[in-house]
Amino acid sequence: MPYRHCEEQSDEAISNDFPMKRDCFVGLRPSRNDERALDLGHGGNFLELCDYFKISPEKAIDFSASINPLGFPKGVESFLAARLSQIKHYPDIKNEKVLSSLSEYLNIPAGNILAGNGSMEILDWVLRTLKPESVKIVNPAFSEYRRLAENCGAKITEAHESADLIFVAHPGNPMGNLLTSGEFKNLLNSCRWLVVDEAFVEFAGEEHSYVHEVLDFSRLIVIRSATKFFSIPGLRLGYAVASEEMIASLRKFQLPWSINSLAQEAAAYIFSDTQFQNQSREFVAGERAWLSQNLALLGWIKTYPSSANYLLCEIKGDALELFHQLGAKGCFIRPCHNFAGLGARFFRVAVRTRKENECLIEAMSKL
Ligand SMILES: Cc1ncc(COP(=O)(O)O)c(C=O)c1O
């Protein structure tokens, strides 16, 4: 499936090359009120889902958040525990350790990097700095691009219209597809500023990243995150890579001490752990192939090719129904009904460990 720009996908457009499951997931879906109480805007509301489905966290598996199934690099806990006493001081206001670790990790000068409290914070600075009048989002996409753009008063433009700023994720979320260099150049040539969100790029391989292009293109901003690949969503660490001038402009919005002391320490540890990085990529690639093959073998799920740690899946029924049926069995998937450009038939599953992936396949085969 190619990249899409903001248009909705009609049911007719959906492929017809896989059979419909007989009962089509009807009957277990709770009342609308119940559904509204459940926040399905993002994956990863694990405890909320456990509570909703009345399942203890030990018996549930979260396929809704796309975090590295190997967890964080070995030794991070003891490394941080030994540095816990640092929280009695303010963190380094210049984030020097973070920037030097990132500079080495990416092989990019520190002056081209700006770190923040998760990539969400950086995305916010980008919009507040550039104040685009119009924003185009390459859909289906992370819902926050639209929210941030609308909050800053930008008009969201359609595929055929021009835009000041374009958001594209590489790999895409929830599709996991990579942006080809041709697509990258086309996008760059059709706007004033191109924002490439590489929150998941390490799963595909660093060689696919567009970070080095910022040295040639001052209209390009690459956003990266330590959340997904290094499994530290709770520490909050993200960064932008861009021209020195752009970094200086973005920095004006940075609040003092927005990266906490433990996240600063963790940076030095995680970005230098190349063994973890190679092992994670290899592990995820193997499990992604296994999961994709076994989902397809069920006969009623179509999976899309992915270079990330998740798979976009399509059924001929209602994925929200499937979400409820699997949720009752302790497997939490991410329905994609609220992604622009997708519809009720789509859902996303994270690639987990073999044992966990087997649980999902088993739960699905018993529906
Ligand atoms: C594509 C994408 N970009 C950015 C983020 C934000 O990540 P963080 O703020 O944790 O770095 C997410 C979170 O789900 C995401 O899916």
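Residues numbered from 1 in each chain as written. Predicted model: local features only at pLDDT ≥ 70, side-chain atom pairs only at ≥ 80, totals over all residues.

Engineer: Explain unusual backbone geometry residue by residue, including any values.
Structural biologist: The step from Asn139 to Pro140 runs through a cis peptide bond, and the omega angle for that step is 0°. Topologically, Pro140 is positioned in the loop between β4 (134-139) and α6 (144-151). Unusually for a residue other than glycine, Lys131 sits at a positive phi of about 45°. With respect to the secondary-structure elements, Lys131 resides in the loop between α5 (119-130) and β4. Given 11 C-beta atoms within 10 Å, Lys131 falls into the exposed group. Even without being a glycine, Arg236 presents a positive backbone phi close to 70°. (Helix = DSSP H or I, 4+ residues; strand = E, 2+ residues; numbered from the N terminus. Buried ≥ 20, exposed ≤ 12 C-beta atoms within 10 Å, placed from the backbone.)

Engineer: Describe in detail the sheet that holds strand β13 (residues 334-335), supporting the description with residues and values.
Structural biologist: Pairing in this open sheet of 4 strands is antiparallel, and the strands run β10-β11-β14-β13 from one edge to the other. Here the strands that pair on one side only, and so sit at the sheet edges, are β10 (302-303) and β13. Bridge count for β10 against strand β11 (residues 310-314) is 2 bridges, and the pairing is antiparallel. Bridge assignment links Lys302 to a residue of β11, and that residue is Glu314. Packing against the sheet, helix α11 (residues 274-297) makes contact with β10 and β11, and its axis sits at approximately 15° to β11. (Pairing = 2+ DSSP bridges. Contact = placed C-beta atoms within 7 Å. Axes fitted to C-alpha atoms, helices over the stretch in contact; angles between N-to-C directions.)

Engineer: Could you give me a rundown of the nonpolar core, with the residues and numbers involved?
Structural biologist: Core analysis: the largest hydrophobic core is formed by 100 residues, its most contacted members being Leu102, Ile166, Val195, Ile221, Val222 and Ala240. Here this core gathers at least three residues from each of two domains, domain 1 (4-70 + 276-365) and domain 2 (76-272). Excluding residues within four positions of it along the chain, Leu102 makes contact with Ile113, Ala115, Tyr239, Ala267 and Phe271. (Core = buried A, V, L, I, M, F, W, Y, C linked by C-beta atoms within 7 Å. Domains from an automatic or database assignment.)

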